[in-house]
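# Inside the fold
Here is how the chains run, residue by residue.
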Amino acid sequence: LTDVKLRTMDEAGLLRRLVRTAPAAAGEAEAFAQRAFETYRDARSGALPIDAPSLWIAMQTDRVFRIPALRLAEQQLGQTPRVHVYRFDWASPALGGALGACHGIELPFVFGTLHDPRAAQLVGSGPDAERLAVQVQNAWLAFARSGDPGWPQYDTAKRPTRRLGHASSLEWDPQGIERAFW
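This section reports on the structure supplied with the text. The residue numbering used here restarts from 1 in each chain and proceeds along that chain's sequence as written. The predicted origin of the model limits local features to residues at a pLDDT of at least 70 and limits the giving and counting of side-chain atom pairs to 80 or more, whereas totals for whole chains, interfaces and linings rest on all residues. By convention in this description, side-chain values take in all heavy atoms of the structure and omit both hydrogens and water.

### Digging into unusual backbone geometry
We apply this condition: Under the scheme used here, helices are H or I runs from DSSP no shorter than 4 residues and strands are E runs no shorter than 2 residues, and both carry numbers assigned from the N terminus. Throughout, exposure labels follow a simple rule: accessible area from a 1.4 Å probe, protein chains only, divided by the maximum for the residue type, with under 20% read as buried, over 50% as exposed, and the rest as partly exposed.
The backbone phi angle of Arg159 is positive, close to 50 degrees, even though this residue is not glycine. Among the structural elements, Arg159 can be located in the loop between α7 (127-146) and β2 (160-164). Positive phi values are uncommon outside glycine, yet Asp173 reaches one of about 50 degrees. Take Asp173: its relative accessible area is 24%, and that puts it in the partly exposed class.

Below, the structure written as structure tokens:
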């Protein structure tokens, strides 16, 4: 949002950013950047946005949030098979939708604080929000009671993931090509 250059970034700008943030060893950053760009572009060559700003946001979301969470889930599988993964996809209406499904947006749904004016600015309101709040609270309560939130346990073969948002669903390895890149 405060990154003015992001709005007008082209493919060359995206590649430069990827080189600067690449986790690859010295001398391999350019190759990493090119592979990342091609992987995300090709994986999204359908209904998902493929412009440079959208690709950058998707890559950074995966790098900072999704991939570490999935790695943690995979490590937990070594301790117990009772691992469940969800992905919260409710997009914030704040700032004209620019925040998307930002970090922490699920908290008002979990704790039933949708009507707090500060939360309402971030998450919005209406029947869909209320429905999702009930769904999320029921899943968290079920998990606290029994260890089962109501969807299949995570495994590295099928990677069942509960997507929670305007249209909740159970998905098998969502964005699997992008996940496999990391």
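### Here's the deal with the layout of surface pockets
Quick note on the threshold: Cavities and pockets were defined on a 1 Å grid built over protein atoms only: a cavity is a set of grid points that admits a 1.4 Å probe from which the probe cannot escape, a pocket is an open set flanked by protein on both sides within 12 Å along at least five of seven lines, and lining residues are those with an atom within 4 Å of any such point. Grid points are joined across faces, edges and corners, and a volume is the space filled by probe spheres set on the points. Asp, Glu, Lys and Arg are counted as charged, while Ala, Val, Leu, Ile, Met, Phe, Trp, Tyr, Cys and Pro are counted as nonpolar; the rest, among them Gly, fall into the polar class.
In this structure, the second largest pocket spans a volume of roughly 160 Å³. In terms of lining, the second largest pocket is formed by Lys5, Thr8, Met9, Asp10, Gly13, Arg16, Arg17 and Arg20. Among the elements that line the lining of the second largest pocket, the one with the most residues is helix α2 (residues 11-21), at 4 residues. Its residues assigned to classes, the lining of the second largest pocket shows 1 nonpolar, 2 polar and 5 charged.

### Details of empty space enclosed by the protein
For the structure on display, the rule yields 1 cavity of 30 Å³ or more. In this structure, the largest cavity spans a volume of roughly 40 Å³. What lines the largest cavity is simply Leu18, Thr21, Phe32, Ala36, Met59, Gln60, Arg63 and Trp182. For the lining of the largest cavity, the secondary structure elements donating two or more residues are α2, α3 (29-43) and α4 (52-77). If one sorts the elements of the lining of the largest cavity by residue count, α4 sits on top with 3 residues.

### Remarks on the packing of α2 against α3
Condition: For helices, the axis comes from a line fit to the C-alpha atoms of the stretch in contact; other axes are also lines fit to C-alpha atoms, and the angle between any two N-to-C directions lies between 0 and 180 degrees. Any angle from 65 to 115 degrees is called roughly perpendicular, while one under 35 is roughly parallel, one over 145 is roughly antiparallel, and all others are oblique. Left-handed describes a crossing in which the near helix is turned anticlockwise from the far one by less than a right angle; the clockwise case is right-handed. Contacts are assigned to residue pairs that have any heavy atoms within 4.5 Å of one another.
One can describe the packing of α2 onto α3 by two numbers: an axis separation of 8 Å at closest approach and a directional angle of 130 degrees. Classified by the angle between their axes, α2 and α3 sit oblique to one another. Considering the relative orientation of α2 and α3, their crossing is right-handed. Across the interface between the two elements, Glu11, Leu14, Leu15, Leu18 and Val19 from α2 touch Ala29, Glu30, Phe32, Ala33, Gln34, Ala36 and Phe37 from α3.

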